Amino acid sequence: MAASGNLGSFRLPPLPTIRELIKLFRLQAAKQLSQNFLLDLRLTDKIVRKAGNLTNAYVYEVGPGPGGITRSILNANVADLLVVEKDTRFIPGLQMLSDAAPGKLRIVHGDVLTFKIEKAFPESLKRHWEDDPPNIHIIGNLPFSVSTPLIIKWLENVSCRDGPFTYGRTQMTLTFQKEVAERLTATKGSKQRSRLSIMAQYLCSVEHIFTIPGQAFVPKPEVDVGVVHFTPLIRPKIEQPFKLVEKVVQSAFQFRRKYCHHGLGMLFPAAQRLESTGRLLQLADVDPTLRPTQLSVLHFKNLCDIYRKMCDKDPQLFAYNFREELKQSRSKNQTKDSDKESCGL
Ligand SMILES: C[S@@+](CC[C@H](N)C(=O)[O-])C[C@H]1O[C@@H](n2cnc3c(N)ncnc32)[C@H](O)[C@@H]1O
């Protein structure tokens, strides 16, 4: 009985290859838009396989371009695939795929940075946060200039449980420049440990599943590409507002080679810096002579919790920006110098 989508199977009918499609629709990659296409269907199949079991799944593909990954997703027997593509040139090729997979592929000509996914899938797919992830997956090979700001935005959405995470703990499989993939998954003490490692790992379980060599893309980018899988955690490892965590983490990594107290000190106005940084580190039980790369997510949890208490006591503190203070003190000094010059001192 083929009524259940679990048992039914779908294969795309024979179609022109992606290479032929690129020729047919004159889809030369726009270098200025960092368009690098994956034409090898074994690789696109591998990305899709690693995203999980997509049988009957609802999938949101970002930046489908000429549709290599799109074909693999359709062949994975999904219930519904929604693609959002910014470049008009790709729409006719995607339309051809949609005709070949009736009722399965929805095409939006739009920008993933602004597209609102929260109403795109049926309400019935929603799961409680504590339940297993919903049967919705995000998959994409985007330009690197888009994938990093997008993952920061989506991590904030994870923390607020909105955007793609109104449905529950939606899983994501996305590509990044290999170095960024390494930063996202870097463990304590490793050279690649950075702001991104903490921001991703306090909210999600993050796995660098495999690396695709640059030469697999057309045209070949300068770098290799890492495929990263994210599953939001039931309970974030830091239970503070995203912006607060971001501020503490950013400050700590301000001077990545110095002891962590240097960067963390930038959370406080110069006049109280020494005393407040000492208090923060002591109450958070963090050794001031650790380097930022040696701090664990638990260290950051403690730092964020104590910093939050300090902000609650001093409502001006969170708005403090050390760069602003630096700018102001520089311009004051310049005024003093020019006053001295005009007095002939
Ligand atoms: C690196 S190419 C990859 C194309 C295809 N996914 C593949 O793997 O062959 C990135 C694609 O994302 C699209 N894109 C770039 N920025 C976008 C945005 N902000 N919103 C939607 N699509 C975008 C580009 O037009 C391009 O088709």
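In this convention, every chain numbers its residues from 1, walking through the sequence in written order. A pLDDT threshold of at least 70 governs which residues receive local features in this predicted model, and a stricter bar of 80 or more applies before side-chain atom pairs are shown or counted, although totals over entire chains, interfaces and linings include all residues. Side-chain numbers come from the whole structure's heavy atoms, not from hydrogens or water.

Looking at an unreviewed UniProt entry, one finds the chain named rRNA adenine N(6)-methyltransferase and attributed to Ictidomys tridecemlineatus. UniProt positions are given in the numbering used here, feature names are shortened, and annotations may be inferred rather than shown by experiment. UniProt annotates the chain under Subcellular location (unreviewed entry) with the comment "Mitochondrion". As its UniProt record puts it under Sequence similarities (unreviewed entry), the chain is described as follows: "Belongs to the class I-like SAM-binding methyltransferase superfamily. rRNA adenine N(6)-methyltransferase family. KsgA subfamily."

Asker: Would you mind showing me how to read the packing of aromatic side chains here?
Answerer: Given two aromatic rings, their pairing is described by the distance between the two centres and the angle made by the two planes. Centre distance within 6.5 Å is the pairing criterion for rings of Phe, Tyr and Trp, where only the six-membered ring of Trp is used; planes under 30 degrees apart are then read as stacked, over 60 as edge-to-face, and the remainder as tilted. One pass over the structure, following the stated rule, counts nine aromatic pairs. Centroid distance Phe37 to Phe90: 5.6 Å. Interplanar angle 85°. Geometry classified as edge-to-face. Linking Phe37 in strand β1 (residues 37–38) with Phe90 in the loop between β3 (80–85) and α4 (91–100), this pair joins segments that are 53 residues apart in sequence. Across the pair, exposure class does not vary: Phe37 and Phe90 are buried alike. Site record: aromatic cluster; members linked through ring pairs are Tyr58, Phe121 and Tyr167. Comment: the charge-over-ring label is applied if NZ (Lys) or CZ (Arg) is within 6 Å of the ring centre and within 35 degrees of the ring normal. Geometry around Phe210 places Lys46 over its ring, the cationic atom sitting 4.3 Å from the centre. A cation over a ring is seen here: Lys247 above Phe318, with NZ or CZ 5.0 Å from the ring centre. Strands here mean DSSP runs of E at least two residues long; helices mean DSSP runs of H or I at least four residues long; both are numbered from the N terminus. The buried label goes to any residue with under 20% of its type's maximum accessible area, the exposed label to any with over 50%, and the partly exposed label to all in between, with areas taken from a 1.4 Å probe on protein chains only.

Asker: Looking at this model, I keep getting lost on the site of the ligand. Mind explaining?
Answerer: The environment of the ligand is formed by 21 residues, the closest being Leu38, Gly63, Glu85, Asp111 and Asn141. For this analysis, a polar contact is any N or O atom pair within 3.5 Å, provided that within protein one partner can donate a hydrogen and the other can accept it, and provided that sequence-adjacent residues contribute only side-chain to side-chain pairs. In this structure, a nitrogen atom belonging to the ligand sits 2.8 Å away from a side-chain N or O atom of Asp111. Here the ligand loses 97% of its free accessible area of 590 Å² to cover by the protein chains. The set of elements that each furnish at least two residues to the shell around the ligand consists of β1 and β3. Class assignment of the residues belonging to the shell around the ligand gives a composition of ten nonpolar, seven polar and four charged. Nearness is judged by heavy atoms alone; a residue qualifies as near a molecule or strand once a single heavy atom is within 4 Å of it. Each accessible area is a Shrake-Rupley estimate made with a 1.4 Å probe; only the visible protein chains count as cover when residues are assessed. Side-chain classes follow a simple rule in which Ala, Val, Leu, Ile, Met, Phe, Trp, Tyr, Cys and Pro form the nonpolar group, Asp, Glu, Lys and Arg form the charged group, and the remainder, Gly included, forms the polar group.

Asker: How should I be thinking about the packing of helix α2 (residues 41–50) against helix α3 (residues 68–75) in this particular structure?
Answerer: Interaxial angle, 0 to 180 degrees, is taken between N-to-C directions of lines fitted to C-alpha atoms, where a helix line uses only the stretch in contact. Viewed as axis vectors pointing N to C, α2 and α3 meet at an angle of 55°, and their least axial separation amounts to 8 Å. Taken as axis vectors, α2 and α3 run oblique relative to one another. For the crossing formed where α2 meets α3, the hand is right-handed. Packed against α2, whose contacting residues are Leu41, Thr44, Asp45, Ile47 and Val48, the element α3 presents Gly68, Ile69, Ser72 and Ile73 at the interface. The residue makeup of the contact of α2 with α3, split by class, is five nonpolar, three polar and one charged. Angle categories: roughly parallel below 35 degrees, roughly antiparallel above 145, roughly perpendicular from 65 to 115, and oblique for all the rest. When the near helix sits turned anticlockwise from the far one by under a right angle, the crossing is termed left-handed; a clockwise turn instead gives a right-handed crossing. Contacts are residue-level and defined by heavy atoms, with any inter-residue pair within 4.5 Å sufficient.

Asker: What's the story with the domain arrangement of the chain in this structure? I'm lost.
Answerer: A common way to state how big an interface is: give the accessible area lost once the parts meet. The split into domains, and so the bounds of each, comes from an automatic or database assignment of domains. For the chain, the domain assignment lists domain 1 (18–232) and domain 2 (242–326). Inter-centroid distance (C-alpha atoms) of domain 1 to domain 2 is 34 Å. Taken together, the contacts link 16 residues of domain 1 with 14 residues of domain 2. In this description, buried area is defined as the sum, over both parts, of the accessible area (probe of 1.4 Å) that is lost when the two are combined. Overall, the association of domain 1 and domain 2 removes approximately 1300 Å² of surface from exposure, summing both partners, and the carbon and sulfur fraction of that is 68%. Salt-bridge detection follows one rule: a side-chain nitrogen of Lys or Arg within 4 Å of a carboxyl oxygen of Asp or Glu. Joining domain 1 to domain 2, the criterion identifies one salt bridge. A salt bridge links Glu156 to Lys243, with the shortest nitrogen-to-oxygen separation between them at 3.4 Å. Applying the counting rule to domain 1 against domain 2 returns five residue pairs in polar contact (both at pLDDT 80 or more). Looking at the side of domain 1 that touches domain 2, the elements with two or more residues in it are α5 (144–160) and α7 (195–201).

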